[in-house]
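These are the residues of each chain, in order.
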Amino acid sequence: MAIAESGMPEEAEVGPFYRVHVKVNGKPYETDVETRLLLVHFLREQLGLTGTHIGCDTSNCGACTVLLDGKAVKSCAVLAVQADGREVRTVEGLAADGNLHPIQEGFVQEHGLQCGFCTPGMMMTAVALLSKNPHPSEEQIRRGISGNLCRCTGYVNIVKSIQYAAQKMEGGGKK
């Protein structure tokens, strides 16, 4: 790295770039991204989708969880170029036609959030869980969200929120 006259390292060089074609929340995008750009930064900085939170930058907290081709992934551990030709769904893509997704409704009705920082990642993880297992037990829910940290709650209301969504999605509504 070159050193400037001030004695400080000069800005890191950018590039190389790669053209990605990605569908995010149903909308197609085609853009050049730096090959080292993380998916979380692509979503937040280039697409303005700030619902995906940056928590730890080490894939430990799960705040940045999104769905990549329907699978929950921590977007701080995925390069934007890895999303090329794929479909990404963020928390902004959950509601449809002005109606909350059942998981969003569940978090409201069952008080599944406090500060809300972990909520988007928790919701995306729950959506992926319910798509694979529409009737999870409490233990399965707890295991399913174990990669997402919440520093405000004891997870009780988060589990209730996911149970609410599971019931709503099967058409039974809330007990």
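Check the entry above for the structure.
Per-chain numbering applies: the sequence of each chain, read as written, is numbered from 1 onward. Totals for whole chains, interfaces and linings use all residues, but because this is a predicted model, local features are given only for residues with pLDDT of at least 70 and pairs of side-chain atoms are given and counted only at 80 or more. Values shown for side chains rest on all heavy atoms present in the structure; no hydrogens or waters enter the calculation.

### Focus on helix α3 (residues 119-132)
Here is step 1 of the chain: Segments assigned H or I by DSSP are reported as helices when at least four residues long, segments assigned E as strands when at least two residues long, and all are numbered from the N terminus. In this scheme, a helix's expected span is set at 1.5 Å multiplied by one less than its residue total. Taking 1.5 Å of rise per residue, 14 residues should cover 20 Å, and α3 covers 20 Å from first to last C-alpha, within 8% of that figure.
Here is step 2 of the chain: Of all 14 residues in α3, 12 are buried, a share of seventy percent or more.
Here is step 3 of the chain: Using a 1.4 Å probe on the protein chains alone, a residue whose accessible area is under 20% of its type maximum counts as buried, one over 50% counts as exposed, and one in between counts as partly exposed. Regarding α3, the residues found buried are Thr119, Pro120, Gly121, Met122, Met123, Met124, Thr125, Ala126, Val127, Ala128, Leu129 and Leu130.
Here is step 4 of the chain: Buried positions along α3 lie against β3 (65-68), β4 (71-74), β5 (87-89), α2 (102-109), α4 (138-144) and α5 (156-169). Contacts are assigned to residue pairs with any non-hydrogen atoms lying within 4.5 Å of each other.

### What about the side chain of His101?
Here is step 1 of the chain: You can see His101 is positioned in the loop between β5 and α2.
Here is step 2 of the chain: Residue classification places His101 among the buried residues on the basis of a relative accessible area of 10%.
Here is step 3 of the chain: What qualifies as a polar contact is a pair of N or O atoms within 3.5 Å, subject to a donor-acceptor requirement within protein and to the restriction that residues adjacent in sequence count only when both atoms come from side chains. A distance of 3.0 Å separates the side chain of His101 from the backbone nitrogen of Ile103, its partner in a polar contact.
Here is step 4 of the chain: When sequence neighbours within four positions are dropped, the list of residues in contact with His101 reads Arg89, Leu94, Ala95, Val127 and Met169.

### Observations regarding the environment of Glu138
Here is step 1 of the chain: In this fold, Glu138 is placed in helix α4.
Here is step 2 of the chain: The spatial distance from the C-alpha of Glu138 to the C-alpha of Met123 is 16 Å, given a sequence separation of 15 residues.
Here is step 3 of the chain: Those residues in contact with Glu138 that lie beyond four places of it in its chain are Val159 and Gln163.

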